[in-house]
Amino acid sequence: MSAVAEETRKPDTAARLLHRVRALVSNPHGRPRALMTITWIYMVWTILPVLIAILFSFNDGRSISVWQGFDATRWYWGDPVNSVWQDPGLQSALWQSLKLAGLDMLIATPLGVLLALGLARWRGYGSRPANFLMLFPLITPEIVMGVSLYLVFQYVYVFVEPSTTAQVLGQVTFSISYVVIVVRGRLLSIGRQYEEAAADLGATPAQCLRLVLLPLMLPAILASTMIVFAISIDNFVIAQWLSCGAGCDTVPIKVYTATRSAPLPSINAVAAIMVYLTLAAVVLAYVVYRFLTRGERAKGQGQSEFAQMGSIDFN
Amino acid sequence: MNQGTDGTIQLTNLVKRFGDHTAVDHITMDIPSGEFFSMLGPSGCGKTTTLRMIAGFEQPDSGTILLNGRNMEHEPPHKRPVNTVFQNYALFPHLNVFDNVAFGLRRGKLSKQEINRRTSEALDLVMLGEFGDRRPSELSGGQQQRVALARALVLKPAGLLLDEPLGALDAKLRRQLQIELKALQEQVGITFIYVTHDQDEALTMSDRIAVMNEGQVEQMGTPSEIYEAPETAFVADFLGASNLMDATGHGDDGRGRCRVEVGGHELIAALGNSSATGGRKVTIRPERVKLEKPDAPSDAENRVSGRVQRSIYIGSAFQLIVELELGCTIEVEIQNTGDQKRFAVGEEVRAVLPPEALRVLRNRNEPREAAAPAADDTTSTAAADRGVASGGTPPRARQAGA
C-alpha cells in the first residue's frame, strides 16, 4: 500500500523539484532574480572603487595603496603640511573647481532654459537642424572640443586670455547642451496645452512663462542644474586646455599631476571632498524641489516625480 | 478683460492649410448671441482647427473671424473675448482648483474680494464649492471637466469654445453632463461653440448643428432639420442609420415629386429636390420602410420585392436585413409592438418605401437648391474638379460648378 504511494509520489517530487529549479530562473510571477543580480553586480562594481578611494583618504600613513590604520582627520586638515586644508595647491584647486562649477551652473542653466524654450516652440524651417546642432557638443569628443576652444581663444577671440574666464566660457559652451536636452524633453512632454490654456485665460506670453511654464519646468531645470554641476566639477580636458597655469588648476588636474609624482592620501581626501559636495548638491536640489513644490503633490507623489527628474525625452 | 455682452461669432470664408492638406476649406458660419452651436463631424473634418482659429491658436490662411463684430485678425489669444474648454481640460497641475479657476480673473484688474467672490460663484455653479483646495490630480474626470468649465465661464466670455469636452468620460457620465451642460448654457446665456464627433451629443444639446466633412460644412441647421432632412449622403449616413441607394434622377413626376430609377425600377421620392436628374443617391431611414407578405393585397407606391437575409432581435425592435430585387441590401427596423408580423430568415417579402419617406440627396459638391451664393468661384470650381476626379459627379453638377 505504502509502496504504491511511494512510487506515485516519487515522480511528483522530482517534477516539483524541477519546477522549483526552473522557477528560480524563469518564473514570470516571481522576482526578477537575474535582473536583480546583474543590477547589484553593476552597482558594487561602480561604487567599490569610489569607496576604496574614500577609505584611503582616512589612511594613517603616506601610502594610497597600503592600509596603515585609521585617522579621520590627518589628510583633511590634521597634517600640518600636506593635508587639504594646509596645502595651498590643493586648496586653490578645490576652490577653482568649485568656482568653475558654480559659475557654469549659474550661466549655463538660464541660457540653456531659454534655448530650450526657443527650440521646443520653434515650428518651421530650421528648427530641425538647430535641434540636431544642439547635440553636437555631446557627440564631439571632449578632447576635440578642448583643442578647438583653445585654438579659437588663441586666434579668433584673442581678447580672451587662457584664464578662469576662458575655462568658464569653455565649460558653459560644453554643458549648455545638457540643459537644453533635459529641459526641452520636459517641454515636449508637457506639450503646448498649458501654454494655450494660460493664453486663453488672458495671460500675456511673459505671464504664461512665469506662472505656468517655469513651475512646470522646475524639475527639469533642477535636474539639469545638477547635471551641469556634476559634469563641470570634474571636468579635466577643457579646464586643462584653457588653463592659465598653476593658478587655474582644478582638482582633476591636480590629482592627475600628483599621481604622476608622489601621491599622498591628501589626493584621496580632496577627491572625497568632491564626492561629498556632489552628494550634498543632490540632497540640496531634492530639498529645494520639495520646498518649491510643497503644495503640488498629491499624497505620495513627490518621490516618484523626483525620481523622474532626470529622465530625458528625446522626441 | 474677457468680458463681452454681445456674443456673436461670424466666420467668413475661413481657410486653413497644413502643407498640402486643406484642413478648413472656405467655412462660413454666422452664430448669433446665446446660441448653442455644434460642429459635428468625423476626426480630421476640420472642426477642431476651426475652433482653434476662433480661439486664436491658429492663424487662418484667409477669411475673417468677427467676435462681437470685431475683427480678430491681429488679436493674440489672450486678448480675444472667448474662452476654451480643452479636450484634456489642461488644468494647471501645479495650482489647486481655486487658483485654476481664479487664474483668468487675476490677469485682469480686479480687487481680491471680487476675484474670490466670482471664483466661489463659478465653483458653486459647477457644484464644486467644497473642492477649492484640491489638486486637479485628486479629482475624478467628471470633476476635472467641471473645473475646466468653471475656469472658462468665470471670465464671462462672449463665447465659450468646447473641444470635445466630454470625450474622455464614460458613457453614463457623459449623458448626465450633457444635460447639465445644456442647462448651464441656458442659465448663463453665453454663446457655446461645441465640437464633437458624437451625434447624440450634438442632437441633444444644440440649437444648431454644422455637419462637417473634409474641411467643409455639409449641412447646417437645427437638430431636427439635420436628422429629418439630410441634404447629402454624408449627413444622412453620419446621423443615425440610413439606407443609401444609387439612383438616376428623371425629374419631376408632375406632382412635385421626383422620379428616380434604382436598379431598373422606377420609384417616386417626395423629399428633396424634385427636379433632380442624373446620378444621385436616395435614402430612407430603416424605421420608415414597411414590410409586407408578398401576397398581401396592396396598392402602395414603391413596392419592391426582396428576401430577408438576417433578422436581429434588439429588444425594443427587430432589425431586418433585406436584399431587394433592386440589387441592394437595406436595413429595416420594425418596432416590437407584440402583435407585428414576424418575418423569418430566407422569407420572400415585399418592402414598401413610401415616397414621403424617400429622399433625393444632393451630391456633395453641388450647390444647395436655395440658390447657393455664386460669389465664391474658386470653391465651386475646385469642388467640381474634385467631383470629376472621384468619378461620381453627374453632368449637371459639373455645369453648376462651371
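**Student:** Got a sec to walk through the overall build of chain A? Specific residues and values, please.
**Tutor:** If you tally the helices and strands in chain A, you get 14 helices and zero strands. Counting from the amino terminus, chain A carries its helices and strands in the arrangement α-α-α-α-α-α-α-α-α-α-α-α-α-α. Residue burial in chain A is summarised as follows: out of 315 residues, 32% are buried. The long-range fraction of contacts in chain A, counting pairs at least 24 apart against all pairs at least 6 apart in sequence, stands at 73%.

**Student:** Could you give an account of the sheet that holds strand E4 (residues 62-67) of chain B, with specific residues and numbers?
**Tutor:** Residues and elements named next belong to chain B. Spatially, the four strands line up as an open sheet ordered E2-E1-E4-E5, and their pairing is antiparallel. Edge positions in the sheet fall to strand E2 (21-31) and strand E5 (70-71), since each has one partner strand and no second. Of the strands in this sheet, strand E1 (9-18), E2 and E4 touch helix H1 (residues 47-55), which is tilted by about 115° from E1.

**Student:** Residues and numbers for the domain arrangement of chain A, please.
**Tutor:** Residue and element names in this part refer to chain A. Taken domain by domain, chain A comprises domain 1 (16-75) and domain 2 (83-307). Its C-alpha centre places domain 1 at a distance of 30 Å from the equivalent point of domain 2. Contacts between the two partners involve ten residues from domain 1, matched on the other side by twelve residues from domain 2. Contributing elements (two or more residues each) for the side of domain 1 that touches domain 2: helix H2 (33-56) and helix H3 (74-78).

**Student:** How would you summarise the interface of chain B and chain A if you had to cite specific residues and measurements?
**Tutor:** Contact with chain B, which involves 23 residues of that partner, is made by 16 residues of chain A. Secondary structure elements with two or more residues in the side of chain B that touches chain A: strand E6 (82-85) and helix H2 (97-106) of chain B. For the side of chain B that touches chain A, the per-class residue count stands at ten nonpolar, nine polar and four charged.

**Student:** Let's hear about the sheet that holds strand E17 (residues 303-313) of chain B: which residues, and what values?
**Tutor:** Adjacent strands of a sheet form backbone hydrogen bonds with each other and so pair up, either parallel or antiparallel. All names here are of chain B. Pairing within the open sheet is antiparallel, and its five strands lie in the order E16-E20-E17-E18-E19. Each end of this open sheet is capped by a strand with a single partner; those strands are strand E16 (290-292) and strand E19 (329-335). Ignoring strand direction, the axes of neighbouring strands in this sheet form an average angle of 45°. In terms of strand pairing, E16 meets strand E20 (residues 348-352) through three bridges, oriented antiparallel. Its bridge partner lying in E20, Leu291 is registered against Ala351.

**Student:** Break down helix H7 (residues 142-156) of chain A for me, citing the residues and quoting the values.
**Tutor:** Residue and element names in this part refer to chain A. Given a rise of 1.5 Å per residue, 15 residues ought to cover 21 Å, and the 20 Å separating the end C-alpha atoms of H7 matches this to within 8%. Of the positions making up H7, those classed as buried are Gly146, Leu149 and Phe153. Taken down its axis, H7 places every buried residue within 70° of arc, on the same side. More than 90 degrees from the buried face of H7, the exposed residues found are Val144, Leu151, Tyr155 and Val156. Summarising the contacts, the buried residues of H7 are in contact with helix H8 (164-190) and helix H11 (237-241).

**Student:** Would you mind going over the confidence of the model for chain A in detail, with residue names and values included?
**Tutor:** Residues and elements named next belong to chain A. Looking at chain A as a whole, its pLDDT mean stands at 83, while 89% of the residues score no less than 70. Here helix H14 (residues 302-307) stands out as the element of chain A with the lowest mean pLDDT, 47, in contrast to helix H9 (residues 193-200), whose mean of 93 is the highest. Low pLDDT, under 50, characterises residues 298-307; the stretch is placed with nine contacts to residues that sit more than four places away or in other chains. This stretch, residues 309-315, has a pLDDT under 50; its non-local contacts, to residues over four places away or in other chains, come to 14 contacts.

**Student:** For the pairing of E2(B), give the residues involved together with the corresponding values.
**Tutor:** All names here are of chain B. Two elements, E1 and E2, share eight bridges in a ladder whose sense is antiparallel. Counted as the bridge partner of Arg17 is Thr22 from E2. Where E1 hands over to E2, the hairpin turn is made up of two residues, of which Gly19 adopts a positive phi near 65°.

**Student:** Lay out the nonpolar core in plain terms, naming residues and giving numbers.
**Tutor:** Counting residues in hydrophobic clusters, the biggest one holds 160 residues, and the most contacted among them are Val179(A), Val183(A), Ala150(B) and Ile193(B). Broken down by element, the residue count for this core peaks at 14 residues, all from helix H10 (residues 205-233) of chain A.

Conventions adopted
- Residues numbered from 1 in each chain as written.
- Chains lettered and ligands numbered in written order.
- Predicted model: local features only at pLDDT ≥ 70, side-chain atom pairs only at ≥ 80, totals over all residues.
- Helix = DSSP H or I, 4+ residues; strand = E, 2+ residues; numbered from the N terminus.
- Buried ≥ 20, exposed ≤ 12 C-beta atoms within 10 Å, placed from the backbone.
- Contact = placed C-beta atoms within 7 Å.
- Pairing = 2+ DSSP bridges.
- Axes fitted to C-alpha atoms, helices over the stretch in contact; angles between N-to-C directions.
- Domains from an automatic or database assignment.
- Nonpolar A, V, L, I, M, F, W, Y, C, P; charged D, E, K, R; others polar.
- Expected span 1.5 Å × (residues − 1).
- Arc of directions from axis to C-beta.
- pLDDT = per-residue confidence, 0-100.
- Core = buried A, V, L, I, M, F, W, Y, C linked by C-beta atoms within 7 Å.

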